[in-house]
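So the chains spell out like this:
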Protein chains: 4
Amino acid sequence: MTAAITARMASTPEMLACFDDEALVGVALAFERALGAALTKQKVISAAAAAAIAQACDGFDAAGLGDAVAHAGTLAIPLVARLRAAVPPEHAAAVHLGATSQDVADTALVLQSGQAMRLVVRELEAIGDALAGLARRHAATPAIGRTLLQPAELVTFGMRAASWMLGIDAARARLGHEGHAALQVQLGGAVGSLAALGAAGPRVRAGVAERLGLRDAPAWHSRRDAIAGLGAALGIAIGATGKLARDISLLMQREIAEVAEPAIAGRGGSSAMPHKRNPTGCQVALSAAIRAPGLVATLLAGMPQELERGLGGWQAEGPVIGELFALAHGAMHAMRVVTEGLEVDVDAIGAHVAAAPDRDRDAAVAAAVRFVHEALVTHDAAVARRDP
Amino acid sequence: MTAAITARMASTPEMLACFDDEALVGVALAFERALGAALTKQKVISAAAAAAIAQACDGFDAAGLGDAVAHAGTLAIPLVARLRAAVPPEHAAAVHLGATSQDVADTALVLQSGQAMRLVVRELEAIGDALAGLARRHAATPAIGRTLLQPAELVTFGMRAASWMLGIDAARARLGHEGHAALQVQLGGAVGSLAALGAAGPRVRAGVAERLGLRDAPAWHSRRDAIAGLGAALGIAIGATGKLARDISLLMQREIAEVAEPAIAGRGGSSAMPHKRNPTGCQVALSAAIRAPGLVATLLAGMPQELERGLGGWQAEGPVIGELFALAHGAMHAMRVVTEGLEVDVDAIGAHVAAAPDRDRDAAVAAAVRFVHEALVTHDAAVARRDP
Amino acid sequence: MTAAITARMASTPEMLACFDDEALVGVALAFERALGAALTKQKVISAAAAAAIAQACDGFDAAGLGDAVAHAGTLAIPLVARLRAAVPPEHAAAVHLGATSQDVADTALVLQSGQAMRLVVRELEAIGDALAGLARRHAATPAIGRTLLQPAELVTFGMRAASWMLGIDAARARLGHEGHAALQVQLGGAVGSLAALGAAGPRVRAGVAERLGLRDAPAWHSRRDAIAGLGAALGIAIGATGKLARDISLLMQREIAEVAEPAIAGRGGSSAMPHKRNPTGCQVALSAAIRAPGLVATLLAGMPQELERGLGGWQAEGPVIGELFALAHGAMHAMRVVTEGLEVDVDAIGAHVAAAPDRDRDAAVAAAVRFVHEALVTHDAAVARRDP
Amino acid sequence: MTAAITARMASTPEMLACFDDEALVGVALAFERALGAALTKQKVISAAAAAAIAQACDGFDAAGLGDAVAHAGTLAIPLVARLRAAVPPEHAAAVHLGATSQDVADTALVLQSGQAMRLVVRELEAIGDALAGLARRHAATPAIGRTLLQPAELVTFGMRAASWMLGIDAARARLGHEGHAALQVQLGGAVGSLAALGAAGPRVRAGVAERLGLRDAPAWHSRRDAIAGLGAALGIAIGATGKLARDISLLMQREIAEVAEPAIAGRGGSSAMPHKRNPTGCQVALSAAIRAPGLVATLLAGMPQELERGLGGWQAEGPVIGELFALAHGAMHAMRVVTEGLEVDVDAIGAHVAAAPDRDRDAAVAAAVRFVHEALVTHDAAVARRDP
């Protein structure tokens, strides 16, 4: 009952696995387990209760959970019911203590996003590095610039690559910022105040955050700016990847043929014209760039949520964030392959330059080299700031 | 590797099955089989070839197809390759003859949409009929109108239901129109002209259309208005369903409590406050109404596709149409349950009326009854036009 | 205090005039005048009252109205106050009798849309006719088809034009449908039932509709499907125009140079490279095609409006519909100029064909000619159905 | 020929003035003047030339510019032509030297955005401070929490205000970040490399930036992430404002009546029911929140722009950024008035609490007070970081 083939055409198995049922149940259980541990640490529940919760999480059986979730309208209710049934009766009340369904859903989404973010950042950095290589290599290779799809003054091929690189680097930096803001624990209980846990509430929350590797923060169940910010950063990163794809696909037109995607056996073909070579990687990225803006708009549209817990708004976010990550990784992985293996036809580039009217070529190249240099300084600084 | 739980919270198993892998492969094979039959009828291939194609479709093994599709970037290439390998060598060239990948993808999408449309229309008609019942029953039940979320002049509860009904009926009518326009065969070959089939081309196309129950039409591979129109009609239908959900959720606030969703065991609960009764059906519909607009925008954004076959634009459409149908059916099924079982608290409605300042109640009720009557005339005419 | 320069770059003076302050006040007064006349006809107010209203409309002074509207949050309140002050005191109550602010706003929007529709339809028909001319003239002119931005099999230039034409014709037809649905009077009074007018209500409404050349319909103040449908049809028409612009701009690349926009003195230039020739008309249309989808999404997002009159949803619609019309007319007018004056370089087209690998040229041309013929039959039928 | 009345209903005169024709021409001239000065400083042009440019800017006559811009398709061409005609012939070549049309357009947009940002930030900070006041005042005022539009556990009114405040503060912080990124000079010349200025290029660019109070940066004419980021930050700020408006409008329903917008004579009325009190400020903000997401999506959709200067993508951005600022300021100004004058009915709040089932009120209040305290610490830190 799943549309895996369709999903695979736009994304990667690795990323789809971050948001599949197994991953979802896994992070939801991680939340319940971390909550149990933090509650014990703060002496709200006994160590035996926490151990029982951990054991129930280990042995969790997800069979039939989908139907139960669909019926209940929320993941937490059947999941918590199963956990409570799996612990000794005296520990049942300790399961999920102080939490509510949205705490599970939001923290699960954030944990999945954290995993997904690593994949996306890895690809963005690889693309940036590949483009930096092209920028260095072709810093002084004159090429015809094209504005409004018409030949214009000279650039160099390296300057073009450097400009793509700056776009990718800026997208990666924004994603770092917004990821930091968004990867925060959600634990607020029924109305966000953690009232059921008394004065221990904030310490329990901090403990859950620490165990899950998330930022601690007051309940954000009714304030969705961080999710919207994460989505916007993903949308912008997809847009920057789409820009790269647009340009490569244009430069790959047979009448221009200045670059080509690397040839990959069995990819880029046509069922009607088997020997045609298509910009298949660019297609994946351009398709993602068409789909992302509407998804980002959805996250913004859902922000004015009702009072202490909205009706429809936050429920719309999970699948949309998952879709944005899926499109992002599909697009970026495709363009990483394209940029790392990009075939640059220096002769074709040179022929177009030669055919152009006389210009002050030296001044143009020198200016482009300055651009490349300035851009690479920025890139190298960003590389130096990366996590080891 | 699939996010079935998430999908189930927003849609129905029935609809998700229309767009799952099995359905996709099924309609793609239906296309190839119908093409084979039409080619034989027009004496382009032999009857033996068509029989071999049909047999290969019957015995098609989809194992591992997902990986192959992801690698090839299109469903048709590996699917056709498997079919060709499954027929006797002398019939291999007859498989998929004259067609191209997008022909398979577009016709498959349209066939899936046809199935999905039936489900959606069934729910819309059921909602409309349930609302017509409420309009009749409560035509003269005075109720406080509310404008800008403030009490206003009197309406009747039946007038409110009649207005919801007109919105649902209009959405259903638009979907009928746009469905008729969109459910058209795609068969154009490499560049849309069917050149490979010579003068028989248009007759083969008509034959495929007839066998698949689709409208015949010249190739629309580079003109996507009909897909965009279908998506817009789905978006509007989701919006009309969301309007209904918005109002019922507002009227269901405990301080107003004029209506309630039918109680369903195990649904509408809260993991923190187990005895709370939530507008769960409305939530599903409102969530869909938040997600649909961005998806419709995506279809419009993809329209300016490049020349004889676009790069990214049409590849974006399939998953988006599938998502719109999924959201539509999830929302409509939820609201069908809500409207068919809606609990109307006539006493609460009356108490609010009584508390309002003196007005000319008789005139207000008479006017509302006129509205109901006019609306039901329209509804009954629409019912009479329905397929038996 | 207005951004006229910016607006002019994306639209036309003619269309901007349909939605400017003068037009807005004009249609609002037309509503009040028609209401007065219809009320007299149904003997709800005296002939003297209607005459006084008409006279007040004639002499209406709009000075300072903008500030008053901004303060009141609605056009109708200050406008009606001024009219009431302008009639003899005994007729003050007859002004706007039975109507509410949204009646004025919605009917005004619909009247402006009616004017705007005429402009848009005129351009779409002219583009369609120009493309039909190109299709006829170049029906058998072989040209390289391009799929995924790579050269593919042969089409003819006329087939390409015919496909553009079918897209424009379909957009025009949809706009006809949706325009018919949307150009309906709004008159419902405080809560939509026309209670203040008693049994005469529906007849007054019909009278207003007739006087204003609108379709009569029950109050749709809380059901916005027709507005959303109109917006979607405009969005699709802009998308079809954008498709045309995308293709012409690609074919106009100097390395391809199969077509060119007509040269227009002082247009298409560059401030840095004065002799460059740019696809300026295509740019206007492509820019519109980027902006339209988000505007259509806005109309859909506003649909779930609260109860008998929404809070924010319908107020969002007016400017968005105006913007869609502005973009539509700007794009279509630009592309009408482009298509009517399109320079087709048959030699360049032929050279690309000659450079392509050997193919069965005759079969390809014959198939393309069939496509053109089929398309022109449809176009000619649409032309025959046009209003004289 | 302008729709000022419509614009005024959604925005403020102050903000509309930031983007009107006068402001646009003003910032474009500021760019040309700063360019002249920077060119002189770097000895690219003579001091006499710079003085002539400055004088021509002072005496610039904008009459008829709109028509010329519409014809040329760009502001810079006619503006530069007029400046060149206004300086002595020997200085004509010094005008706009090294720059291109998009340099003017982008820097103008950024300068307008800088002005607009100040207005928006001022309102956001005022809203945040007003909410901080409410949070302090009502930190321990018990109130019924409402989840999924149903009464839930207790919060305090101050906790609700504190949560709104955190949303507004986060939006303001993000706007600060993105504003810093976006307020960068654009100066790249024909293809972005500043080739026409030789080695002095980067220093001229830095000089222009300094004179205009902008960040210096390499040409971003084909990388639009910063504009998209600014738009997204505005969209999120509008969403946070919309959240506040949603909640206040819900709490203001007569059946709940826990708060009320301040009464303002002549505002919030109804033309059919003159004595009704409507949430007019909330309406403006909710309307903006419906319109913003589609505009943000537009900016993202335009990102994959073609090569060294896109065709349609960047031309779409200016009006959209202007619209986002207009909606932002309209919404925020309205909600500033609402929050600064918010009428909180403590008795009504208390009555709803009293009617609720017995709970551990003290624990609930204590927990809510902790939330308020934590939030105010964050707010006070943000206040301390503000510019004096």
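Calculation notes
Residues numbered from 1 in each chain as written. Chains lettered and ligands numbered in written order. Predicted model: local features only at pLDDT ≥ 70, side-chain atom pairs only at ≥ 80, totals over all residues. Heavy atoms only, no water. Contact = heavy atoms within 4.5 Å. Buried area = accessible area lost by both parts, 1.4 Å probe. Salt bridge = Lys/Arg side-chain N within 4 Å of Asp/Glu carboxyl O. Polar contact = N/O pair within 3.5 Å; in protein donor to acceptor, adjacent residues only side chain to side chain. Helix = DSSP H or I, 4+ residues; strand = E, 2+ residues; numbered from the N terminus. Least-squares fit on C-alpha atoms with pLDDT ≥ 70 in both. Phe/Tyr/Trp six-rings, centres within 6.5 Å; stacked < 30°, edge-to-face > 60°. Buried < 20%, exposed > 50% of the residue type's maximum accessible area, 1.4 Å probe, protein only. Domains from an automatic or database assignment. Nonpolar A, V, L, I, M, F, W, Y, C, P; charged D, E, K, R; others polar.

K.L.:
What's the story with the interface of chain D and chain B in this structure? I'm lost.
P.N.:
For interface size, the figure often reported is the accessible area lost on association. Contacts between the two partners involve 23 residues from chain D and, on the opposite side, 23 residues from chain B. Both faces combined, the contact of chain D with chain B buries some 2,200 Å², and carbon together with sulfur accounts for 55% of it. Ionic pairing is found between Arg 146 of chain D and Glu 255 of chain B, a salt bridge with its closest N-O pair at 2.9 Å. On inspection of chain D and its partner chain B, the count reaches 5 residue pairs in polar contact (both at pLDDT 80 or more). Elements represented by at least two residues in the side of chain D that touches chain B include exactly β1 (142-147), β2 (150-156) and α10 (225-251) of chain D.

K.L.:
Could you clarify how one ought to interpret the relation of the copies chain A and chain D in this entry?
P.N.:
To go from the first copy of the chain to the second, apply a rotation about an axis and then a shift along the same axis. Superposition of chain A onto chain D requires a rotation of 180° combined with a translation of 0.0 Å along the rotation axis, giving an RMSD of 0.0 Å. Expressed as a symmetry operation, the mapping of one chain copy onto the other fits a two-fold axis. Across chain A, the rotation axis passes nearest the C-alpha of Ala 297 of chain A, at a separation of 2.8 Å. Looking at chain A, 99% of its interface residues are interface residues in chain D too, so the copies touch through the same face.

K.L.:
I'm lost on the packing of aromatic side chains in this one. Help?
P.N.:
Aromatic rings in a pair are described by how distant their centres are and how their planes are angled relative to each other. Residue and element names in this part refer to chain A. All chains considered together, the criterion is met by 8 aromatic pairs over all chains. Seen in terms of ring centroids, Phe 157 and Trp 164 are 6.2 Å apart; in terms of plane orientation they differ by 85°. Their pairing is edge-to-face. We classify Trp 164 as buried; its relative accessible area is 5%.

K.L.:
Can you help me understand the domain arrangement of chain A in this one?
P.N.:
Residues and elements named next belong to chain A. Taken domain by domain, chain A consists of domain 1 (1-99 + 186-219) and domain 2 (100-184 + 220-388). Taking the mean C-alpha position of each, domain 1 and domain 2 sit 34 Å from one another. Between domain 1 and domain 2, a total of about 2,800 Å² is buried, with carbon and sulfur atoms accounting for 63% of that surface. Together, Phe 19, Gln 186 and Arg 215 form the three largest contributors to the area buried by domain 1 at its contact with domain 2, with a combined 27%. Here domain 1 is connected to domain 2 by 1 salt bridge. Counting every contact that joins domain 1 to domain 2 gives 19 residue pairs in polar contact (both at pLDDT 80 or more). Counting only elements with at least two residues in the side of domain 1 that touches domain 2, the list comes to α1 (4-10), α2 (13-18), α3 (21-41) and α6 (76-86). Looking at the side of domain 1 that touches domain 2, the element that brings in the most residues is α3, giving 6 residues. A breakdown of the residues in the side of domain 1 that touches domain 2 according to their chemical character gives 22 nonpolar, 9 polar and 4 charged.

K.L.:
I keep staring at the interface of chain A and chain D and nothing clicks. Help me out?
P.N.:
Listed as interface residues are 72 residues of chain A and, on the opposing side, 71 residues of chain D. With both sides pooled, the region where chain A packs onto chain D buries about 5,700 Å², and carbon together with sulfur makes up 66% of that total. Run the count over chain A and chain D and you get 6 salt bridges. Across the salt bridge formed by Arg 160 of chain D and Glu 308 of chain A, the nearest N and O atoms sit 2.7 Å from each other.

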